[in-house]
Amino acid sequence: MAAGRLDHNGEESMRDKEIDQILGYLEGHRGAMVDLLKRLALAESPSDDRAAAATVLAMLALELEECGMTVRRYRGRVSGGLLFARPRERTRNVPFQMLVGHCDTVWPLGTVREMPVRVEGDTLFGPGVFDMKGGLVQMVSALRCLRELGFRPPARSVVVINSDEEIGSPDSTPLIRRLARQSVRAFILEPAFGRSGKLKTARKASGCYTITIKGRAAHAGVNPEEGASAILEMSYQVQRLFALNDAARGITVNVGTIDGGLRSNVIAPEVRASVDVRVRTRADAALVETAIRGLRPVNPSTTIQIEGGVDQAPMEPLPRNQALWRVAQSLGRRLGLDLDQAEVGGSSDGNTTSQYTATLDGLGAVGDGAHAAHEQARIPQMVERCALLVLLLMAPILDGERDAAPPAGTGAASKRERR
C-alpha cells in the first residue's frame, strides 16, 4: 500500500477506510500492548544497572526482530548500551526516518515492591510506564502494524533505543547524532506533555556548572581578620547567579547545592556550589555562559574556579520542526484528536536530533507522574497515539525536510563518535 500525498497545506489524503484499518488493527492488539508494557515495567532497568538494562534491551530486540528488523546491540562505556535496528529488507536510494526512545528509568531495583505494576480501569501504573516504556510499546506496535498491514512508507524506519538517556545519553549521543545527520526526520517517543497529551516541539538546553571558591582559613575567634571566607564570597556569587534568571526569555539559573567549610569556629577556606542552567536558544546559552565564566570575586583574597557548561543544545521551534508538527496536527484531526504543542524545560535525545533534522517529540504515552510515585499511562491513548505514529511514518517527506542518503547496512553506526 503506497503512502498518501500531502497538498500544499500538508493535508493527508489517506482514505478514511485505511485509517479505520489502522485503528481496527491496533484496537485488536490493545491487550498485547498492555501485556508488553507490563512485562517491560516489571523488568526494572535503572540507568546505572548494566545487567538490568541488558534484560530489557534483549526483550525489545526480540520485538523489533518480529517486526522484520535487523537489530544490532552496542555496548556502553557507562551504561548497559543501546540497540540499533533497521529493516531487514534493504532498499537502495530510499531515505530513512528515525525512531528514538530509551529503556532506562530513574527508579532503583526493587521499586516495583513499592509501586506495583497494575491496571486500574483504563490506567496502567508502575515505574517507567510513562517515562518512557509506554512510548517503546507504541513504537514497536506501530512498526508491527506497518508490516502486517503491508504499508510502504516513503522512508525506511530505523530505531535507536538507549539505556542512558536519564543520565544524559553519554554513550548513545554519538550514534544518534550520526544518524540524525543523514535522516529526513526524527520521531521521539518520550511521553506527551500534560494529561491532554501535548506534543513537544521545543525543549530548553540544559547545563550544569560546578563553582568552587577558595579562601583562607583562620580561627573565627582568635584571628578572623586573617582569614578570607569562601562561604561569604559564595553568598555574593549566588546572588549574581540568581540575577541571571529571566522568566520572559525562559532563562533559569538555579544554585541547587552548596557544600563546604570545616567547622563553625573556622573561617571557611573552600566551598562548592552546583548550578543548573536552562535556556531556550543557543544565543541565550552563550549569554549565560559568558556571564558565569565572567564571575569575579568581591574579596580579592578569594579565587573562583568554574567547571562545566551548557552541554546540550536546545530543541528550538525551527521551521522544519514546525512543519512536521503541522502534519501531526492535521493527521490527529483525522483520528479525532485535538492536538496541541508545548515547550518543556527538560531535555531529551530530541535536543540532539533537532540540530540536524526535522524533529517531533512527545509522541509516547499519555499519562502522568514522570519520576513520581504515581507514574501512570492511559491505555486508550496508547492506541490513538500509536495510530498517529503510523500515519506520521506514512506521511510523505515535506519540502522542508532535507534529502538524506540511507546508511549502507549498519555502516552509519559502525564507527563511534566521541563528544
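Read on for an overview of the structure. (Residues numbered from 1 in each chain as written. Predicted model: local features only at pLDDT ≥ 70, side-chain atom pairs only at ≥ 80, totals over all residues. Heavy atoms only, no water.)

A look at the overall build of the protein chain
Alright, step 1. Within the protein chain one finds 11 helices and 16 strands.
Alright, step 2. In terms of overall dimensions, the protein chain is globule-like: its C-alpha atoms have a radius of gyration of 24 Å, near the 22 Å expected for 419 residues.
Alright, step 3. Counting over 419 residues, the protein chain shows a buried share of 54%.
Alright, step 4. Taking the intrachain contacts of the protein chain between residues at least 6 apart in sequence as the baseline, contacts between residues at least 24 apart amount to 80%.
Alright, step 5. In the form shown here, the protein chain has an accessible surface area of approximately 17,800 Å², with 49% of it arising from carbon and sulfur atoms.
Alright, step 6. Here the protein chain carries 53 positive and 50 negative side-chain charges, and the mean point of each set is 6 Å from the other. (Helix = DSSP H or I, 4+ residues; strand = E, 2+ residues; numbered from the N terminus. Rg over C-alpha atoms; globule rule 2.2 N^0.38 Å. Buried < 20%, exposed > 50% of the residue type's maximum accessible area, 1.4 Å probe, protein only. Contact = heavy atoms within 4.5 Å. Areas by Shrake-Rupley, 256 points an atom, 1.4 Å probe, with all protein chains shown as cover. Lys, Arg positive; Asp, Glu negative; His and termini not counted. Charge placed at Lys NZ, Arg CZ, Asp CG, Glu CD.)

Observations regarding the pattern of salt bridges
Side chains carrying opposite charge are able to pair once their charged atoms draw close together.
Alright, step 1. Tallied over the full model, the rule gives 16 salt bridges.
Alright, step 2. The salt bridge involving arginine 334 is made with aspartate 16; its shortest N-O contact spans 3.6 Å. Here arginine 334 is found in helix 9 (residues 319-334), whereas its partner aspartate 16 is found in helix 1 (residues 16-28), with 318 residues between them in sequence.
Alright, step 3. The class for arginine 334 is partly exposed, based on a relative accessible area of 34%.
Alright, step 4. Via salt bridges that share partners, Asp35, Arg39, Glu63, Glu66 and Arg144 belong to a single interconnected network. (Salt bridge = Lys/Arg side-chain N within 4 Å of Asp/Glu carboxyl O.)

Considerations on the sheet that holds strand 6 (residues 156-162)
Alright, step 1. Strands sit in the order 1-2-6-3-7-14 across an open sheet of six strands; the sheet is mixed. Either end of the sheet is taken by a strand with one partner, and the two such strands are strand 1 (69-74) and strand 14 (358-360). Strand-to-strand, the axes of this sheet are offset by a mean angle of 20 degrees, without reference to chain direction.
Alright, step 2. Docked against the sheet, helix 5 (residues 129-148) engages strand 1, strand 3 (96-102) and strand 6, running at close to 145 degrees with respect to strand 3.
Alright, step 3. Packed on one face of the sheet, helix 11 (residues 379-394) meets strand 3, strand 6, strand 7 (185-188) and strand 14 and runs near 175 degrees to strand 7. (Pairing = 2+ DSSP bridges. Axes fitted to C-alpha atoms, helices over the stretch in contact; angles between N-to-C directions.)

Some words on the packing of aromatic side chains
Alright, step 1. Under the definition given, this model contains zero aromatic pairs.
Alright, step 2. The cationic tip of arginine 118 hangs over the ring face of phenylalanine 125; the distance from NZ or CZ to the ring centre is 4.4 Å. (Phe/Tyr/Trp six-rings, centres within 6.5 Å; stacked < 30°, edge-to-face > 60°. Lys NZ or Arg CZ within 6 Å of the ring centre and 35° of its normal.)

Focus on the side chain of threonine 212
Alright, step 1. Take threonine 212: it is sitting in strand 9 (residues 205-214).
Alright, step 2. With sequence-adjacent residues up to four places away left out, threonine 212 is seen in contact with Glu270, Val271, Arg272, Thr303, Ile304 and Gln305.

Section: the pairing of strand 11 (residues 270-279)
In regular strands, side chains alternate between the two faces of the sheet.
Alright, step 1. Alternating residues of strand 11 divide into Val271, Ala273, Val275, Val277 and Val279, all buried, and Glu270, Arg272, Ser274, Asp276 and Arg278, none buried.
Alright, step 2. Sheet analysis places strand 9 next to strand 11, joined by 10 bridges and oriented antiparallel. Counterpart to isoleucine 211 in the pairing with strand 11 is alanine 273.
Alright, step 3. Bridge count between strand 10 (residues 252-260) and strand 11: eight bridges; the pairing is antiparallel. Residue pairing in the sheet places glycine 260 in a bridge with valine 271 of strand 11.

Examining the packing of helix 1 against helix 11
Alright, step 1. For the pair helix 1 and helix 11, the least separation of the axes is 10 Å and the interaxial angle reads 135 degrees. Judged by the inter-axis angle, helix 1 sits oblique to helix 11. Where helix 1 crosses over helix 11, the two elements pack in a sense that is right-handed. Seen from helix 1, the contacting residues are Ile19, Ile22, Leu23, Leu26 and Glu27; seen from helix 11, they are Val383, Cys386, Ala387, Val390 and Leu391.
Alright, step 2. Classifying every residue of the contact of helix 1 with helix 11 gives nine nonpolar, no polar and one charged. (Parallel < 35°, antiparallel > 145°, perpendicular 65-115°, else oblique. Left-handed = near helix turned anticlockwise from the far one by under 90°. Nonpolar A, V, L, I, M, F, W, Y, C, P; charged D, E, K, R; others polar.)

What to know about the pairing of strand 7
Alright, step 1. By the alternation rule, side chains of strand 7 split into Arg185 and Phe187 and Ala186 and Ile188, which are all buried.
Alright, step 2. Bridge analysis of strand 3 against strand 7 gives three bridges, and the strand direction is parallel. Across the sheet, residue methionine 98 finds its bridge partner in strand 7, namely alanine 186.
Alright, step 3. Here strand 7 runs beside strand 14; their pairing, made up of three bridges, is parallel.

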